[in-house]
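In case you want the letters, here they are:
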Amino acid sequence: MQVNLLQCQSSQDVSENLDYIESQLKALPRVEGEPQLVVLPECCLLFGGHESHQLQYAGEDAPLKSALSALAKQYSLYLVAGTIPVSAGDNRVYSRTYLFDNLGQVLGDYDKIHLFDVEVSDNTKEYRESDTFCPGNKVSVIDTPFGKLGLAICYDLRFPDLFRAMRLAGAEIIALPAAFTKVTGEAHWQALIQARAIENQCYVLAAAQWGQHNQGGRETWGQSMVVDPWGQIKAQKMTGCGWVQAKLDRDEIVKIRQQMPVAGHNRFSEPQLQK
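Residues numbered from 1 in each chain as written. Predicted model: local features only at pLDDT ≥ 70, side-chain atom pairs only at ≥ 80, totals over all residues. Heavy atoms only, no water.

**Observations concerning the overall build of the protein**
Turning to step 1, where the next piece is worked out: Looking only at helices and strands, the protein features eight helices and 17 strands.
Turning to step 2, where the next piece is worked out: A compact globule built from 275 residues should have a C-alpha radius of gyration of about 19 Å, and the protein, at 18 Å, falls within 12% of that.
Turning to step 3, where the next piece is worked out: With the principal axes as the frame, the protein shows a C-alpha extent of 50 × 45 × 35 Å.
Turning to step 4, where the next piece is worked out: In the protein, the share of contacts with a sequence separation of at least 24, taken over all contacts with a separation of at least 6, comes to 67%.
Turning to step 5, where the next piece is worked out: Within the structure as shown, the protein displays about 12300 Å² of accessible surface, and the carbon and sulfur contribution to it stands at 48%.
Turning to step 6, where the next piece is worked out: Across the protein, the 25 positively charged side chains and the 32 negatively charged ones have centroids separated by 6 Å. (Helix = DSSP H or I, 4+ residues; strand = E, 2+ residues; numbered from the N terminus. Rg over C-alpha atoms; globule rule 2.2 N^0.38 Å. Contact = heavy atoms within 4.5 Å. Areas by Shrake-Rupley, 256 points an atom, 1.4 Å probe, with all protein chains shown as cover. Lys, Arg positive; Asp, Glu negative; His and termini not counted. Charge placed at Lys NZ, Arg CZ, Asp CG, Glu CD.)

This is the structure in structure tokens:
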């Protein structure tokens, strides 16, 4: 199974971001008859901007959703479509990722549950996603030709209970669109991804933003990576924009889970605690 992660340096210019993504999809190598999975990073079409800028693109006509759906259909690929703002009805938006099939149809979606309200020692200093965004309230694991695919977004990575919930729901692969800050990414990004992959014996597909955004504003870490269920990095891109590509082996998931059946050994699972 071929998976492709696109590392971006997105801005507030939606047209520019869309043109870049399409140019990369057009150049993406393909194997005839083999389904392709593409994962885009968080905020792939709209990075930053005032609350009103987010609301502008979160209306009923959903132009960003339509644009990404059209790309999935045009290039005949399964697309984890980064994140886009979707109206929550209270002057806030959900940060939502859609999974489109190769006909551009929605197979499932996920709204970011954990919002990034923190202080970081960088140029931005203070992040308050809850001022603009509304938290989601569901776990998403979706059947695909690649296996059962779970969805998480960026700051969710720090919350292992969400990843365990996806594993219990059958997840074999977890896609993580992200935009980690440079400071937190350098400190924790790789360790957290490997931990979530090892704990849940899943592939983790982490597509990230990289570099300086919006004329010297926020700076993101990059290091998009594919990590296998044993915690090994199969492919990564530390800096710059472009593709990270890897082949996934579902037999490897089965083998690792059989040899070390941690899900059945967990003494904090409800069936075990009732005994």
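This is not the end of the story, as more comes after the structure.
**A closer look at the pattern of salt bridges**
Turning to step 1, where the next piece is worked out: Following the criterion strictly, the structure yields eleven salt bridges and no others.
Turning to step 2, where the next piece is worked out: Ionic pairing is found between E42 and K112, a salt bridge with its closest N-O pair at 2.9 Å. Placement of E42 in the loop between β2 (36-39) and α2 (51-56) and of K112 in the loop between β6 (106-111) and β7 (117-119) is noted, with a sequence separation of 70 residues between them.
Turning to step 3, where the next piece is worked out: In this structure, the salt-bridge partner of E199 is R196, at a minimum N-O distance of 2.9 Å. One end of the pair, E199, and the other, R196, are both in helix α5 (residues 182-200), three residues apart, so they sit about a helical turn from each other.
Turning to step 4, where the next piece is worked out: On the basis of relative accessibility, which here comes to 6%, the residue R196 falls in the buried class.
Turning to step 5, where the next piece is worked out: Shared partners join several salt bridges into a network, and the residues in it are E42, K112 and E129. (Salt bridge = Lys/Arg side-chain N within 4 Å of Asp/Glu carboxyl O. Buried < 20%, exposed > 50% of the residue type's maximum accessible area, 1.4 Å probe, protein only.)

**Considerations on the sheet that holds strand β15 (residues 224-227)**
Turning to step 1, where the next piece is worked out: In space, the six strands of this open sheet follow the order β9-β10-β11-β12-β15-β16, with mixed pairing throughout. Among the strands making up the open sheet, the edge pair consists of β9 (141-144) and β16 (233-237). Neighbouring strand axes in the sheet, compared pairwise and without regard to direction, differ in orientation by 20 degrees on average.
Turning to step 2, where the next piece is worked out: With three bridges joining them, strand β12 (residues 203-208) and β15 adopt antiparallel strand pairing. The residue bridging L205 from the neighbouring strand is V226, located in β15.
Turning to step 3, where the next piece is worked out: Relative to strand β11 (residues 173-178), helix α4 (residues 160-168) is tilted by about 145 degrees, and along the sheet it contacts β9, β10 (147-151) and β11. (Pairing = 2+ DSSP bridges. Axes fitted to C-alpha atoms, helices over the stretch in contact; angles between N-to-C directions.)

**Description of unusual backbone geometry**
Turning to step 1, where the next piece is worked out: At C43, a position not held by glycine, the phi torsion is positive, near 55 degrees.
Turning to step 2, where the next piece is worked out: Looking at the secondary structure, you find C43 in the loop between β2 and α2.
Turning to step 3, where the next piece is worked out: The residue S76 is not glycine, and still its phi comes out positive at about 50 degrees.
Turning to step 4, where the next piece is worked out: Mapping S76 onto the fold places it in the loop between α3 (63-74) and β3 (78-80).

Honestly, it's all geometry; don't read function into it.
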